[in-house]
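One-letter residues, chain by chain:
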Amino acid sequence: MKRSAINKVIGAAKLFFNQNGWTLPPSPRWDVTDFGLDSFLASGLVLVNLAEEVEYCEKLMYAVKNQLTPAHTHKKKKEDIICRIGKLVIQLWSKDPKKGESGDSFNVKINGVFCLVKSGDTIHLSAGERVTIVPGIWHAFYPSSEECIIGEVSTANDDLNDNFFSDAEVGRFSEILEDEPAIVKLVSDK
Ligand SMILES: O=C(CO)[C@@H](O)[C@H](O)CO
């Protein structure tokens with residue numbers, strides 16, 4: 001991803017957080033990724049790591065309509081994905097989706113209540129709603145509103161070692177082409 005594109009999306013995220021009353025902490029820990037696919041609007045995410053503790057983590061995320069966070073799972077992290085502002089679609093699978101339809105059903109907590117879902121089902125979240133994802137459940141998400149603020153509250157987060165993507169082409173962090181000075185330092189910047 002070009003540094004100029006990263007600077008631009010940070011500006012757009014900041015504006016939308018601000019317009020919706022989500023005040024960022026001083027010196028936010030920004031993380032912008034195109035998941036290594038070089039097509040940020042199709043696959044990408046802006047994240048702010050609000051809390052990063054040994055036991056728990058909290059993130060605030062920003063994405064635009066149809067911008068996909070590709071199918072992945074975590075071996076250790078349990079997380080709530082929360083639609084804060086806008087509309088969010090989240091797809092869940094019991095197994096790696098590249099291995100095809102499993103036909104399995106499993107229980108997942110939606111707004112704190114266990115619901116039976118079929119592997120591959122999509123769940124539509126409005127502002128205030130959440131899904132609880134336990135380790136081993138595969139998930140992908142994208143906004144169905146023009147813009148979306150997404151929350152994440154989880155156990156310990158280890159983005160380097162605990163993201164397993166279905167598509168082998170996907171990577172967690174972007175290669176950055178330095179075409180202008182960075183306006184912020186990303187978590188992945190040296
Ligand atoms: O876990 C999630 C979303 O489910 C994010 O915190 C990761 O950083 C995405 O790779």
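Residues numbered from 1 in each chain as written. Predicted model: local features only at pLDDT ≥ 70, side-chain atom pairs only at ≥ 80, totals over all residues. Heavy atoms only, no water.

A. Region of the structure containing the environment of Val131. For Val131, the location among the structural elements is in strand β10 (residues 130-133). Judged by relative accessible area, which is 0%, Val131 ranks as buried. A sequence separation of 51 residues divides Val131 from Asp80, and the C-alpha atoms of the two residues are 5.5 Å apart. (Helix = DSSP H or I, 4+ residues; strand = E, 2+ residues; numbered from the N terminus. Buried < 20%, exposed > 50% of the residue type's maximum accessible area, 1.4 Å probe, protein only.)

B. Highlighting the environment of Lys95. Along the polypeptide, Lys95 turns up in the loop between β6 (87-93) and β7 (105-110). Given the relative accessible area of 45%, Lys95 is considered partly exposed. Once the C-alpha coordinates of Lys95 and Pro181 are considered, the two residues, 86 residues apart in sequence, prove to be 42 Å apart. Those residues within four positions of Lys95 in sequence are excluded, and the remaining contacts are Ser102, Asp104, Ser119 and Trp138. (Contact = heavy atoms within 4.5 Å.)

C. Fine view of the nonpolar core. In this structure, Ile90, Leu92 and Val131 are the most contacted members of the largest nonpolar core, which totals 24 residues. Taken together, the elements giving at least two residues each to this core come down to β2 (45-52), β3 (56-64), β5 (79-85), β6, β7, β9 (122-126), β10 and β12 (147-155). If we ignore the near neighbours within four places in the chain, the residues touching Val131 are Glu79, Asp80, Ile81, Ile90, Leu92, Val108, Lys109, Ile110, Ile123 and Leu125. Listed in part, the 19 residues of the second largest apolar core include Met1, Ile10, Val48 and Leu186. (Core = buried A, V, L, I, M, F, W, Y, C linked by side-chain atoms within 4.5 Å.)

D. Molecular detail of unusual backbone geometry. In this structure, Asn66 is a non-glycine residue whose phi angle is positive, near 65°. Examined against the element boundaries, Asn66 turns out to sit in the loop between β3 and β4 (69-73). Classification of Asn66 by relative accessible area gives partly exposed; the value is 48%. One non-glycine residue, Asn111, adopts positive backbone phi at about 55°.

E. A look at the pattern of salt bridges. Applying the stated criterion to the full structure yields 12 salt bridges. Between Arg3 and Glu178 there is a salt bridge, with the nearest N and O atoms lying 2.8 Å from each other. One end of the pair, Arg3, is in helix α1 (residues 3-19); the other, Glu178, is in the segment after β13 (164-165), with 175 residues separating them in the sequence. Arg3 gets classed as buried once you look at its relative accessible area, which sits at 3%. Of the charged contacts, one joins Lys98 and Asp96 as a salt bridge, the two residues approaching to 2.9 Å between their closest N and O atoms. (Salt bridge = Lys/Arg side-chain N within 4 Å of Asp/Glu carboxyl O.)

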